[in-house]
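Residue-level structure breakdown
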Amino acid sequence: MNPCWTEETIVYPWEGICLAEGKTTLADCLISSNGIISSRLAGKLRYLDSREDEQIRGITMKSSAITLLFGKDDQEYLINLIDSPGHVDFSSEVSTAVRLCDGCIVVVDAVEGVCPQTHAVLRQAWLENIRPVLVINKIDRLIMELKFTPQEAYSHLKNILEQVNAITATLFTSKVLEERAEKDVETQLTSDSALGDQVYDWSAGLECTDDSHLYFSPDQGNVVFASAIDGWGFGIEHFAKLYSQKIGIKQSVLLKTLWGDYYLNTKAKKIMKSDQSKGKKPLFVQLVLDNIWSLYEAVTKKDKEKIDKIVSSLGLKIGARESRHADPKVQLNAICSQWLPISQAVLSMVCKKLPSPLDITVERVEKLMSVGAKAFESLPQETQDLKDAFMKCSSEETAPVIVFVSKMFAVDAKTLPQNKPRFTISYSW
């Protein structure tokens, strides 16, 4: 690995028993950013569905991996992407992939919302102690299919975030209470105090524990809103930077207020708490969703004058082929993929929010090096000595090579190459 690169592995689980093209299209968009496939084929090629039965059935059945290169802030990152199945029947593939990764992207369908597999993926990430980030995909369906207004879409997206965070809160609460119960059992066993009536406070330990960093929130930069099929995606930091220059409000202030019940007082040029009873639009609706909805409306109604005005104001260049195309989706993709490129938004979030392999914890290294319930201390000393090399991720020639077997499965001995019958061809002259 080139020393100037930061390498990290992310697992990419799809979130439920929903249509497969949402996740696959997003994976194709990320791959196309490296020039491996054409952006026009993103979502149609399903590049990581390499098996014939996956292509026929239209679902991912086995995990596939690919390495992507991404440049950000004058630094290059090497990202190992693992595309794992989303169908509940193949959940073991997700468990296997998660063990190999430093973080994961959880993708939620904006229409279907939180599905049973969302619970399973978040729980698996929690148990393996890897950090997740969130992509809410298929927002175009809220516009084109459900005909939501921007305000209705905002309320719907807010509800999805609350549901996902409720799962995280449940996992966190369970962990704290388990640790507290174990601690109290140990205290009870070692204590010589007289037995009496005791009142157990199940909430103890929750109030004093900071869990704010565990939740998904756009202002923390760990949420991307996207439509992979139309090639766009964004985190609110993009619009915070844009509008800080236009309306003269600090970017840090906009980052905290673009998501939530805040509105812009244009007369006073101040951001204030939104009063829904007065019909005030939240900033996210006013500055973000209204613009996206206007673009979709102009393109679907083929309002050429308005489209030209939007393209000109955004400083974009749209080819003649896309401009004249009969399918509005082609024109939408051409505009949106330049305005809000989804690969830029998602990979920037990955590099910013998911940890490098160098940040792996001692506890996770010991867990990966141990088998089953075997304690790390019981391993041979030669194996224990590999822990430091594991954590350094060194690429030097003198560094030991460590191989981690994530999954094993039984096969018929007859199918192994060395046991296959050999055919001989005899020639007669």
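For the structure, check the block above.
Below you will find a few notes about this structure.

The rules behind these values
Residues numbered from 1 in each chain as written. Predicted model: local features only at pLDDT ≥ 70, side-chain atom pairs only at ≥ 80, totals over all residues. Heavy atoms only, no water. Salt bridge = Lys/Arg side-chain N within 4 Å of Asp/Glu carboxyl O. Buried < 20%, exposed > 50% of the residue type's maximum accessible area, 1.4 Å probe, protein only. Helix = DSSP H or I, 4+ residues; strand = E, 2+ residues; numbered from the N terminus. Expected span 1.5 Å × (residues − 1). Contact = heavy atoms within 4.5 Å. Polar contact = N/O pair within 3.5 Å; in protein donor to acceptor, adjacent residues only side chain to side chain. 1 Å grid on protein atoms, 1.4 Å probe; cavity = no way out; pocket = protein on both sides within 12 Å on 5 of 7 lines; lining within 4 Å. Points joined across faces, edges and corners; volume = space filled by probe spheres on them. Nonpolar A, V, L, I, M, F, W, Y, C, P; charged D, E, K, R; others polar. Phe/Tyr/Trp six-rings, centres within 6.5 Å; stacked < 30°, edge-to-face > 60°. Lys NZ or Arg CZ within 6 Å of the ring centre and 35° of its normal. Core = buried A, V, L, I, M, F, W, Y, C linked by side-chain atoms within 4.5 Å.

Description of the pattern of salt bridges
Under the definition given, this model contains 17 salt bridges. The residue K281 makes a salt bridge to D290 at a minimum N-O spacing of 2.9 Å. In this structure K281 comes out as partly exposed when scored by relative accessible area, which is 42%. The closest approach of N and O atoms between K304 and D308, which form a salt bridge, is 3.0 Å. Placement of the pair is K304 and D308 together in helix α10 (residues 304-314), with a separation of 4 residues, close to one helical turn. One network of salt bridges, with partners in common, ties together D109, K138, R141 and E145.

Some details on helix α12 (residues 328-339)
In this model α12 runs 16 Å from its N-terminal to its C-terminal C-alpha over 12 residues, within 8% of the 16 Å that 1.5 Å per residue would give. The complete set of buried residues in α12 reads Q331, L332, A334, I335, C336 and W339. Structurally, α12 contributes buried residues whose contacts are with β7 (232-234), α7 (236-247), α9 (283-300), α10 and α11 (320-324). One side-chain oxygen at the N-terminal end of α12 lies 3.1 Å from the backbone nitrogen of K329; it belongs to D327.

Observations concerning unusual backbone geometry
Excluding glycine, most residues fall at negative phi; most peptide bonds, likewise, are trans. Positive phi values are uncommon outside glycine, yet D74 reaches one of about 60°. As for its position among the elements, D74 is in the loop between β2 (64-72) and β3 (75-84). Judged by relative accessible area, which is 89%, D74 ranks as exposed. Positive phi values are uncommon outside glycine, yet C393 reaches one of about 50°. Looking at the element boundaries, C393 is found in the segment after α16 (386-392).

Thoughts on the side chain of S348
Within the secondary structure, S348 is located in helix α13 (residues 342-353). In terms of polar contacts, S348 uses its side chain to reach the backbone carbonyl oxygen of Q344, at 2.6 Å. In this structure, S348 is in contact with F70, K72 and S343, ignoring residues within four places of it in sequence.

Things to note about the environment of S356
Secondary-structure assignment places S356 in the loop between α13 and α14 (362-369). On the basis of relative accessible area, S356 is assigned to the buried category, the value being 14%.

With respect to the layout of surface pockets
Considering only enclosed or pocket space, the largest pocket measures out at about 1000 Å³ in volume. What lines the largest pocket is a set of 33 residues, and nearest its centre among them are A125, W126, N129, I130 and L214. For the lining of the largest pocket, the leading source of residues is helix α6 (residues 150-190), giving 9 residues. Among the residues making up the lining of the largest pocket, the classes are represented as 14 nonpolar, 9 polar and 10 charged.

Re the side chain of T168
Within the secondary structure, T168 is located in helix α6. By relative accessible area, T168 is classed as buried at 6%. The contacts of T168, once residues within four sequence positions are left out, are L214, Y215 and F216.

Remarks on the packing of aromatic side chains
The full count for this structure, using the stated rule, is 11 aromatic pairs. Residues F239 and Y243 carry aromatic rings whose centres are separated by 6.3 Å and whose planes lie at 20° to one another, so their mutual orientation is stacked. Residue F239 and its partner Y243 are located together in helix α7, separated by 4 residues, close to a single helical turn. Members of the aromatic cluster, each reached through a chain of ring pairs, are Y154, F225, W232, F234, F239, Y243, W259, F284 and W339. Over the ring of Y262 we find K273; its NZ or CZ atom is 4.7 Å from the centre of that ring.

Here we look at the nonpolar core
By size, the foremost hydrophobic cluster in this structure holds 58 residues, and its most contacted members are L157, F225, F234, F284, V288 and I292. The next biggest cluster of nonpolar side chains, apart from the first, holds 29 residues, and it includes L48, F70, V107 and M349.

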